[in-house]
Amino acid sequence: MTSSAAWRIEPVGPLFGDVSVRGSKNAVTKHMVAALLGDTPSQVTNAPQIGDVEITAGMLRALGAEVAIAEDAVVVDPQADLVGEVPVSFTGLNRIPILMLGPLLHRVGHVTVPLVGGDRIGARPVDFHVSALRALGAEVETTAEGVEAKAARLRGARIRLPYPSVGGTETVLLSAALAEGRTVLENSAIEPEVIELALFLQRMGARIELRPDRRFVIEGVERLSGASHRIGGDRIEAFSYLIAGLATGGRVRVYGCAQDRLVTAISTLHRMGARFEITDDWIEARADKLEPAVVQTHPHPGFMTDWQSPLVVLCTQADGMSVVHETVFEDRFAYIDALQAMGAEIELFDACLGGPGCRFHEADARHSVVIRGGRPLHGVEATIPDIRAGFAYVIAAAAAEGSSLLHDVHHLERGYSRPFESFAGLGLQITRIAG
Ligand code: EPU
């Protein structure tokens, strides 16, 4: 991957064709971490070819685990003596180091992980992870370089997350499975990728129940063994390619992501005038005319925050005023500048528009947008700020008149499986310019 590589995009009108999505980025890496808890190797298949898998494999190898990646299969053998330190060279690359704390406490007893990165879409603190680990009996210290923790043995506890955090829930699942006694986690995230991780841990021998009201109950066990799992389709990619079809007036058929992962996405697009054909194998969307929308992002089963940027691009193509209120991350509209430079009429507000007030109602955070759709977009030269924004730029560039030049496409390659080939397969004219 060349960090400064760019794509030149020549719009060709409507995008038509088929795209196959692989397993979800936000599930595969967590399964790789869970494999550390087994006393035999684990395997995941349908793994996407993305930078995040390579980064996570690098971390696991640095800890002493063996990782083999071949085609779509990732095998993690955690049986060697592990070290309890994720090297500082992994600082800021993704969110995974913080999830290593629980498993490494079980395996090694003392752990140091570097500062986590991930996209700059808000403050993204790790206080829920730290508090949960302390509740489970670990001594945890946050330093300027990262997080240090130690524990002779983790013990079950009753924990309530202040917000249904995906990573916070995963930390508790990964830490409580081998802890002594019962852990009750209230206000859990129940995203499909979180449930998938819980099922994988169950397959490894964990005793996990999901009760009503977002409550996980985990009875710690003495040992877990390796397991195999085929990672479910990436619902963010699936949605984004459906939007690429709709925003350009075309029709894209997406294979590899089950309908039940896209329920809210489909109902939202229905309201905007999209028509769907859905089978067990694929989902196809098209629209003769797009209606504006009022949408708020929420934890699952709400409209997911990672669908927000493609949706905003679609709203630029709908006749009338749309409102999108981001309630999960306070700073997830950094990409709007580029859309405005393309001619989109979008205004940002720090108020909570289009629905009830959210956690950010008094924060100095521009987390609502009003989009006046139906204005033509024109090509732009822009630098991609993060994964999801990057994909939105590509869709906007495909829907625009004139060519666009998008820098820093490495963001796309960290999170999407072979995006260049997929877009080219839909007929988009793209040239990759090495940096
Ligand atoms: N939060 C805290 N403290 C914490 C943890 C979270 O205040 O200790 C807050 C966050 O700042 C945010 C909210 O809780 O306001 C939700 O964050 P969450 O923990 O759910 O997010 P995450 O686990 O860091 C994952 C995905 C994101 C996705 C979110 C929400 C991964 C690697 N990342 O992040 O995906 O948007 O859940 O579904 O799984 C992406 O793929 O582009 C991406 C950003």
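Note that the structure is a prediction, hence the values are computed from the model and not measured.

Notes on the sheet that holds strand β16 (residues 282-286)
- An order of β2-β14-β16-β15 is seen for the four strands of this open sheet, with the pairing classed as mixed. Whereas interior strands pair on both sides, the edge strands pair on one side only; in this sheet they are β2 (16-20) and β15 (275-278). The sheet shows a mean angle of 15° between the axes of neighbouring strands, direction not considered.
- Alignment of strand β14 (residues 251-255) against β16, held across four bridges, turns out to be antiparallel. Counted as the bridge partner of Val254 is Ile283 from β16.
- Where helix α7 (residues 235-247) meets the sheet, its contacts fall on β2, β14, β15 and β16, and the angle it forms with β14 comes to roughly 165°.

A word on unusual backbone geometry
- In this chain, His300 is followed by Pro301 through a cis amide linkage whose omega measures 10°.
- Phi is positive for Asn46, which is not a glycine, with a value near 60°.
- By the element assignment, Asn46 lies in the loop between β3 (42-45) and α2 (51-63).
- Its identity as a non-glycine residue notwithstanding, Asp213 has a phi of 60°, on the positive side.
- Structurally, the position occupied by Asp213 is in the loop between β11 (207-211) and β12 (215-219).

Focus: the site of the ligand
- Around the ligand there are 23 residues in total, and Lys30, Asp127, Ser165, Val166 and Val328 lie nearest to it.
- Taking Lys25, its side chain carries an N or O atom lying 2.8 Å from an oxygen atom of the ligand.
- Gly167 is positioned with one of its backbone polar atoms (N or O) 2.8 Å from an oxygen atom of the ligand.
- Contact with the protein chains hides 93% of the accessible area of the ligand, taken as 830 Å² for the molecule alone.
- Elements with a contribution of two residues or more to the shell around the ligand: α1 (25-34), α4 (127-135) and α5 (166-176).
- Mapping the shell around the ligand onto the domain boundaries places at least three of its residues in each of domain 1 (6-21 + 233-433) and domain 2 (25-230).

A word on the domain arrangement of the protein chain
- Partitioning the protein chain into structural domains gives domain 1 (6-21 + 233-433) and domain 2 (25-230).
- Domain 1 and domain 2 are separated by 30 Å when their C-alpha centres are compared.
- Facing 24 residues of domain 1, the contacting portion of domain 2 comprises 25 residues.
- At the boundary of domain 1 with domain 2, total buried surface from both sides reaches about 2100 Å², with 45% on carbon and sulfur atoms.
- When the buried area of domain 1 at its contact with domain 2 is split by residue, Arg261, His300 and Arg414 rank highest and sum to 31% of it.
- Two residues, Arg235 and Glu193, come together in a salt bridge whose shortest N-O distance is 2.7 Å.
- In this assembly, domain 1 and domain 2 are joined by eight residue pairs in polar contact (both at pLDDT 80 or more).
- Put simply, the parts of the chain that give the side of domain 1 that touches domain 2 at least two residues each are α7, α11 (387-399) and α12 (410-415).
- Here the side of domain 1 that touches domain 2 takes four residues from α12, the largest share from any one element.
- The residue inventory of the side of domain 1 that touches domain 2, partitioned by class, reads seven nonpolar, five polar and twelve charged.

Side note on the sheet that holds strand β6 (residues 110-114)
- Pairing is antiparallel across the open sheet formed by three strands, whose spatial order is β6-β8-β7. Here the strands that pair on one side only, and so sit at the sheet edges, are β6 and β7 (139-142). The sheet shows a mean angle of 10° between the axes of neighbouring strands, direction not considered.

Brief notes about the side chain of Ser322
- Tracing the backbone shows Ser322 in strand β18 (residues 320-325).
- Among the residues examined, Ser322 registers a relative accessible area of 0% and is labelled buried.
- At 2.9 Å, the side chain of Ser322 forms a polar contact with the backbone nitrogen of Ala293.
- Among all residues touching Ser322, those that are not within four sequence positions of it are Pro292, Ala293, Cys315, Val369, Val370 and Ile371.

A few points about the packing of α7 against helix α9 (residues 308-316)
- As a packed pair, α7 and α9 sit with axes 10 Å apart at the nearest point and diverge in direction by 10°. When the axes of α7 and α9 are compared, the pair comes out roughly parallel. Here Phe239, Ser240, Ile243, Leu246 and Ala247 of α7 come into contact with α9, specifically with Pro310, Leu311 and Leu314.
- A breakdown of the residues in the contact of α7 with α9 according to their chemical character gives seven nonpolar, one polar and no charged.

Thoughts on the pattern of salt bridges
- All chains considered together, the criterion is met by 21 salt bridges.
- Across the salt bridge formed by Asp52 and Arg414, the nearest N and O atoms sit 2.9 Å from each other. Note that Asp52 is positioned in helix α2 and Arg414 in helix α12, a separation of 362 residues in sequence. Of the two residues examined, Asp52 and Arg414, each falls in the buried class.
- For Glu186, the salt bridge goes to Arg160, with nearest N and O atoms at 3.6 Å. With Glu186 in strand β10 (residues 182-186) and Arg160 in strand β9 (residues 158-160), this residue pair connects regions lying 26 residues apart in the sequence.
- A cluster of three or more residues bridged by salt bridges with shared partners is formed by Arg153, Arg155 and Glu180.

Conventions used here
- Residues numbered from 1 in each chain as written.
- Predicted model: local features only at pLDDT ≥ 70, side-chain atom pairs only at ≥ 80, totals over all residues.
- Heavy atoms only, no water.
- Pairing = 2+ DSSP bridges.
- Helix = DSSP H or I, 4+ residues; strand = E, 2+ residues; numbered from the N terminus.
- Axes fitted to C-alpha atoms, helices over the stretch in contact; angles between N-to-C directions.
- Contact = heavy atoms within 4.5 Å.
- Near = heavy atom within 4 Å.
- Polar contact = N/O pair within 3.5 Å; in protein donor to acceptor, adjacent residues only side chain to side chain.
- Areas by Shrake-Rupley, 256 points an atom, 1.4 Å probe, with all protein chains shown as cover.
- Domains from an automatic or database assignment.
- Buried area = accessible area lost by both parts, 1.4 Å probe.
- Salt bridge = Lys/Arg side-chain N within 4 Å of Asp/Glu carboxyl O.
- Nonpolar A, V, L, I, M, F, W, Y, C, P; charged D, E, K, R; others polar.
- Buried < 20%, exposed > 50% of the residue type's maximum accessible area, 1.4 Å probe, protein only.
- Parallel < 35°, antiparallel > 145°, perpendicular 65-115°, else oblique.

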